[in-house]
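The primary structure of each chain is shown beneath.
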Amino acid sequence: MKYLILIFIFLSMSINSFSQGINDDKVSLTNFIKRMYTSTPFEGVKIMEDYDKKYLVSVISFDKSKYPDPSILNRIAQVKAQSQANTYINGASTNSDIIIKTTENKSKDELTSVIETIEIIKQNSVGFTKGLELLTNFESIDSKRFVFIYFREIESAKNKM
């Protein structure tokens, strides 16, 4: 019975000592890209290498005042990040039109104007970018822009074998 308890304790300790969080790579990649962006802001697609992995990273930022609704902002960020990655990989073309509609309402003593901004994104592509995942999003240092970072693993040491 003693031996079974000792074996059980040894196995449980070895399982705990070799376990690793699945998000450790994501956390270190997130911190690295945020430090890069903070020192020198950039947008677009980059290939970043880790010790044993390569990542395709798509970084975009938006003016906070243009997108007050977070759900719309998240959807637009996803579409634009996929478009950037698709353009980088497959040579796709994207057209974006912004329509600004201004209406004025007159009352007896006041004149109020309402400005509505509509952004239409059209993508003509030959390929599809699958597996692009949101790594992180944050406000820029000046708090005027939202920054979204999407990524996907494109190569690892395991895939080479």
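Residues numbered from 1 in each chain as written. Predicted model: local features only at pLDDT ≥ 70, side-chain atom pairs only at ≥ 80, totals over all residues. Heavy atoms only, no water.

The helix and strand tally for the chain stands at four helices and six strands. For the chain, the residues scored as buried account for 24% of the 161 residues in total. Long-range pairs, those at least 24 residues apart, make up 55% of the contacts in the chain between residues at least 6 apart in sequence. Surface accessibility of the chain: about 11,900 Å² in total, with carbon and sulfur atoms responsible for 56%. (Helix = DSSP H or I, 4+ residues; strand = E, 2+ residues; numbered from the N terminus. Buried < 20%, exposed > 50% of the residue type's maximum accessible area, 1.4 Å probe, protein only. Contact = heavy atoms within 4.5 Å. Areas by Shrake-Rupley, 256 points an atom, 1.4 Å probe, with all protein chains shown as cover.)

The next point concerns the environment of I118. Of note, I118 is situated in strand 4 (residues 111–124). Here the alpha-carbon distance between I118 and D97, two residues 21 residues apart in the chain, equals 8.2 Å. Contacts of I118, omitting those with residues within four sequence positions, involve D97, I98 and I99.

The next thing to look at is unusual backbone geometry. A positive phi angle, near 60°, is found at S143, a position not held by glycine. Structurally, the position occupied by S143 is in the loop between strand 5 (133–139) and strand 6 (145–156). For S143, a relative accessible area of 37% translates into the label partly exposed.

This structure, assessed with the given rule, holds five aromatic pairs. Members of the aromatic cluster, connected to one another through ring pairs, are Y37, F42 and F138. Between K34 and the ring centre of F138, over which it is positioned, the NZ or CZ distance is 5.0 Å. Over the aromatic face of F146 sits the side chain of K64, whose NZ or CZ is 5.5 Å from the ring centroid. (Phe/Tyr/Trp six-rings, centres within 6.5 Å; stacked < 30°, edge-to-face > 60°. Lys NZ or Arg CZ within 6 Å of the ring centre and 35° of its normal.)

A few words now on a nonpolar patch on the surface. Taken together, the side chains of I47, Y88, I89 and I154 define a hydrophobic patch exposed on the protein surface, amounting to about 340 Å² of accessible area. For I47, the location among the structural elements is in strand 1 (residues 44–49). (Patch = residues over 30% accessible without salt bridge, like charges linked within 9 Å, V, L, I, M, F, W, Y side chains within 5 Å. Salt bridge = Lys/Arg side-chain N within 4 Å of Asp/Glu carboxyl O.)

Bringing the confidence of the model for the chain into the picture now. Chain-level statistics for the chain give a pLDDT mean of 80 and a share of 79% at 70 or above. The weakest mean pLDDT in the chain belongs to helix 4 (residues 157–160) at 53; the strongest belongs to strand 5 at 92. (pLDDT = per-residue confidence, 0-100.)

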